[in-house]
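Structure at a glance
Spelled out from the first residue to the last, the chains are:
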Amino acid sequence: MRLVHVFVEHPILHLDHTFTYRCYDANVKRGVRVQVPFHKTSIIGFVSKVEEADEQTLAKYPYEIKEITKIIDAEPLINEELFALADWMGKTYIAPRIACFQCMLPAKLKPSSTHGKIKMETWVRICKEPTQKLTEKQQAAYEQLERHGCMRRSTFYQMFKSCGKKLIAYGIVESYEQEAKASLLESEQDEEKTLQPDQKKAMQKLLHATQVVSLLHGVTGSGKTEVFLQLAKKVLETGRQVVLLVPEIALTPQMVQRVKARFGKAVAIYHSALNAQEKYEQYQLVKEHKVQIVVGTRSAIFMPFDHLGLIILDEEHDTSYKQDATPRYHCRDIAVWRAKYHHAKVVLASATPSLETYARAHKGIYQLVEMPKRINARFPEMQLVEMRKAVGNSESYLLSNDLLDAIYERLQKKEQIVLLLNRRGYTPILRCISCGFVQMCPHCDVAMSYHKEEQVLKCHTCGHTMSVPAYCPTCGKASWRYLGIGTQKLEEFVQIKFPQARILRMDADTTGKKHAHEDILKSFGNHEADILLGTQMIAKGLDFDNVTLVGIVNGDAMLNRSDYRSGELTYDLLEQASGRSGRGDKAGKVILQVYDTQHYAIQSALHHDYLMFFKHEMRYRHLAGYPPYRYLVSLVFSHKTKKMVEKDVKAAMQILEKKENGKILGPASLNKLRDEYRMRILLKGKDQALLNHYAWDVYQNHITKKARTRLDIDVSPVVL
Ligand code: ADP
Ligand code: ZN
């Protein structure tokens, strides 16, 4: 007989210690999943330890040792490396071990075989001349289609909405299926390029690094991707494995394409948009040694490679590398941990490295590799437009004349335009001009945004929707005013100004469906549209030769956020968005509309001067006592009733107030979210281990007394 120690998953309690069971099956191994009885139910757990025992040992236990119901896996899912990693993650991020195991594995681990179907796409084309009289809009849609012959149906619908549907209903336009077209750029980019001198130097440095981690800091378009693809190839040739991480697959389809084109079928793709079966299949490819390289998002860092040679994090500054549920790990930390375990190397690549990373590179903890020049040797021309001067204080401003003229000019030349506005919806605020009332979400403390297409108000936090009230609930008048601008309004405005322009919008509202991102990007790359406008989604990773104008509509909007990172986020966004212009042979231009022209984040982006930004921002972080000078741990308590939250916060404060050497900020109330009250305590200090220790005490106390509030602990939060 064996005694088996099991980490269990329990929906309410977050237990971190193991429970002991009996087992008579010799096949039980450390690292497999088992089904066990627990109180009155049956739950799944991971075996952490197996020991031989006899009935006598069993009798020594003060309680009854129950028997394991079922062994689920024949082979361990968690190997020694992953056990050690979970251990470290649990301590570092203050999370139960079981949660760490869960996040390492694909949801589904039961084999069943299905083969990938050929992906089809729906396109539309004209099939007969209109016999009836068309409305003006329908006529416009008809002419657009006539000019271009055919287009993706999703693009057609997005551009022409109900008119498009009407044309199909009239039988003038028909839909048809065809095999999905790969992105245009695929064929251009499959062969390896001869590295330029800067790239060669970078490559040598990366190959011969003495440090575990290197930072490849290169401006957008400097050829970083080419460098790390060739580096990956070198590492693969030595028989070791490679992980290439990207922030979001949907936003970087070109990266996947380039890797696939380069390495053929031997690539696993792993990201959150795959369904459980697809994830399982990709995971198995790695486990069974069928592929040696994976491209994926955050969770791909846990792929079961056993001989890792290289981990690359592209756009390493991106906040999506931080997991937003327990365990709140940062992919960069996991990469470094695994690299050390495997004696592998980590390459962090970015045009706008996070302050933490650059500070480490500055100090020599990471190797710093710089690529300051663009491959085409040219930066886009940058133009700053001060909005107050350009449009006065008019609230209805959208685009300055400079930007309008530039758009007109590109449209004439058949070049493409990207417009960035970091706000979706039609207008962000609905206000009564008679009494000042602003319609808030009944479940969250945020203003409801107006969405004109659906004619509803939407909460961007919880998704709650409601129709626009006929009368103001406070004063009873019907004098609503729509304030601010969102992407829908921008689209409408641009369409009115340029009726001939074909516009695609990319934001959370147009990309809900699977493949929607990819379809929009493909359409744009295929020049089925002239203007791509949208939220920060469009700032990332796009490499379209024909884009020669990027307009940033509201460049400093993000500076007003209360987050200590607002400067960094603004700089990143502006620099990344500008990087989309003039990547090919044609000269590019960027027009940056702002109110605060003097802010260092704006000025640094204007001059593509990362170091200038870094120095200013570090000074601010130093004065204010924020990372990378201090560590932060955030403790958020939430519950439907305010009293409960206050009670548990008080208990936590009593524990924390006895501690020394750390600074406690708060407790502060946060916005209500989905009907939950929330309060945060922020720990701040120079000694991360000590802060973690304090947080552990609070956490332990919280679970032992079975507190009813939810406690979310975030070690080194990236957004506050
Ligand atoms: P980054 O990742 O730094 O933004 P990319 O690797 O995407 O830059 O390179 C920018 C552009 O330059 C791409 O279109 C790429 O194909 C091209 N490119 C990169 N390296 C070379 C090279 N050595 N020779 C010619 N073209 C290159
Ligand atoms: Zn809400």
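Residues numbered from 1 in each chain as written. Chains lettered and ligands numbered in written order. Predicted model: local features only at pLDDT ≥ 70, side-chain atom pairs only at ≥ 80, totals over all residues.

Let us now look at the sheet that holds strand E28 (residues 663-673). The strand order across the open sheet built from 4 strands is E28-E29-E27-E30, with neighbouring strands paired in antiparallel fashion. What marks the edges here is a single partner per strand, and that holds for E28 and strand E30 (710-715). When strand polarity is set aside, the average angle formed by the axes of neighbouring strands in this sheet is 20°. Relative to strand E29 (residues 676-685), strand E27 (residues 631-639) runs antiparallel, the two sharing 9 bridges. Looking across to E29, one finds that Leu632 is bridged to Lys684. (Pairing = 2+ DSSP bridges. Helix = DSSP H or I, 4+ residues; strand = E, 2+ residues; numbered from the N terminus. Axes fitted to C-alpha atoms, helices over the stretch in contact; angles between N-to-C directions.)

What follows concerns the sheet that holds strand E16 (residues 381-386). Sheet architecture is open: 6 strands sit in the order E16-E26-E25-E17-E24-E23, paired in parallel fashion. Edge positions in the open sheet fall to E16 and strand E23 (503-506), since each of these has one partner strand only. On average, each strand axis in the sheet is tilted by 15° relative to the strand beside it, whichever way the strands run. In this structure, strand E17 (residues 416-420) lies alongside strand E24 (residues 531-534), joined through 4 bridges in parallel fashion. Bridge pairing links Ile417 to Ile531 in E24.

All right, on to helix H8 (residues 224-237) then. Because the α-helix completes a turn every 3.6 residues, residues three or four places apart line up on one side. If you check H8, its first and last C-alpha atoms are 20 Å apart, about what 14 residues at 1.5 Å a residue would give, namely 20 Å. All of the buried residues in H8 are Lys224, Thr225, Glu226, Val227, Phe228, Leu229, Leu231, Ala232 and Val235. After H8 finishes, the residue Gly239 shows a positive phi value of roughly 85°. (Expected span 1.5 Å × (residues − 1). Buried ≥ 20, exposed ≤ 12 C-beta atoms within 10 Å, placed from the backbone.)

Next up on the list: the pairing of strand E14 (residues 345-350). Across the 6 residues that make up E14, a large majority, 6, are buried. Across the two faces of E14 the burial is the same, with Lys345, Val347 and Ala349 and Val346, Leu348 and Ser350 all buried. Of the pairings in the sheet, the one linking strand E9 (residues 213-218) to E14 comprises 5 bridges and is parallel in character. By the bridge assignment, Val213 is partnered in E14 with Val346. After leaving strand E13 (residues 308-314), the chain enters helix H11 (residues 331-342) and then returns to the sheet as E14, a path that is right-handed. (Right-handed = clockwise from strand over helix to strand, strands pointing away.)

Let us now look at the UniProt feature "binding site: Zn(2+) 2" (unreviewed entry) in the chain. Residues annotated in UniProt with the feature "binding site: Zn(2+) 2" (unreviewed entry) correspond here to Cys441, Cys444, Cys459 and Cys462. What stands out for the annotated residues spanning 22 residues is how close their C-alpha atoms remain, the widest pair being 8.7 Å apart. Tracing the chain through its elements places Cys441 in the loop between strand E18 (429-432) and strand E19 (449-451). Judged by local crowding, Cys441 falls into the buried class, with 25 C-beta atoms found within 10 Å. In this view, Cys441 contacts Val446, Met448, Cys459, Thr461, Cys462 and His464; residues no more than four positions away in its chain are not counted. Secondary-structure assignment places Cys444 in the loop between E18 and E19. Given 20 C-beta atoms within 10 Å, Cys444 falls into the buried group. Excluding its chain neighbours within four sequence positions, the residues that come into contact with Cys444 are Cys459, Thr461, Cys462, Asn671, Lys672, Leu673 and Arg674. (UniProt positions renumbered as here; feature names shortened; annotations may be inferred. Contact = placed C-beta atoms within 7 Å.)

For the rest of this paragraph, the subject is the nonpolar core. Grouped together as the largest cluster of nonpolar side chains are 103 residues, with contacts concentrated most on Val243 and Val294. Residues within four places of Val243 in sequence aside, it is in contact with Val294, Ala300, Ile301, Met303, Phe305, Leu308 and Ile311. (Core = buried A, V, L, I, M, F, W, Y, C linked by C-beta atoms within 7 Å.)

This part takes up the confidence of the model for the chain. On average, residues of the chain score 86 in pLDDT, and 94% of them reach the 70 mark or higher. Within the model, the stretch residues 110-118 combines pLDDT values under 50 with 2 contacts to residues more than four positions away or in other chains. Contacts for the low-pLDDT stretch residues 182-189, under 50 throughout, to residues beyond four places or in other chains number 15 contacts. This complex was scored by the predictor with a pTM of 0.85 and an ipTM of 0.96. (pLDDT = per-residue confidence, 0-100.)

Below, the discussion takes up the site of ligand 1. Neighbouring residues of ligand 1: 16 residues in total, closest Lys193, Gly223, Lys224, Thr225 and Glu226. Sort the elements by how many residues they give to the shell around ligand 1 and H8 lands first, with 3 residues. Its residues assigned to classes, the shell around ligand 1 shows 2 nonpolar, 10 polar and 4 charged. (Near = placed C-beta within 6 Å. Nonpolar A, V, L, I, M, F, W, Y, C, P; charged D, E, K, R; others polar.)

Here helix H20 (residues 642-657) crosses helix H21 (residues 688-704) at 135°, and the two axes come no closer than 10 Å. When the axes of H20 and H21 are compared, the pair comes out oblique. In this structure, H20 meets H21 at a crossing whose hand is right-handed. In contact with Asp648, Ala651, Ala652, Ile655 and Leu656 of H20, H21 contributes Tyr694, Asp697, Val698, Asn701 and His702. Partitioning the contact of H20 with H21 into residue classes produces 6 nonpolar, 2 polar and 2 charged. (Parallel < 35°, antiparallel > 145°, perpendicular 65-115°, else oblique. Left-handed = near helix turned anticlockwise from the far one by under 90°.)

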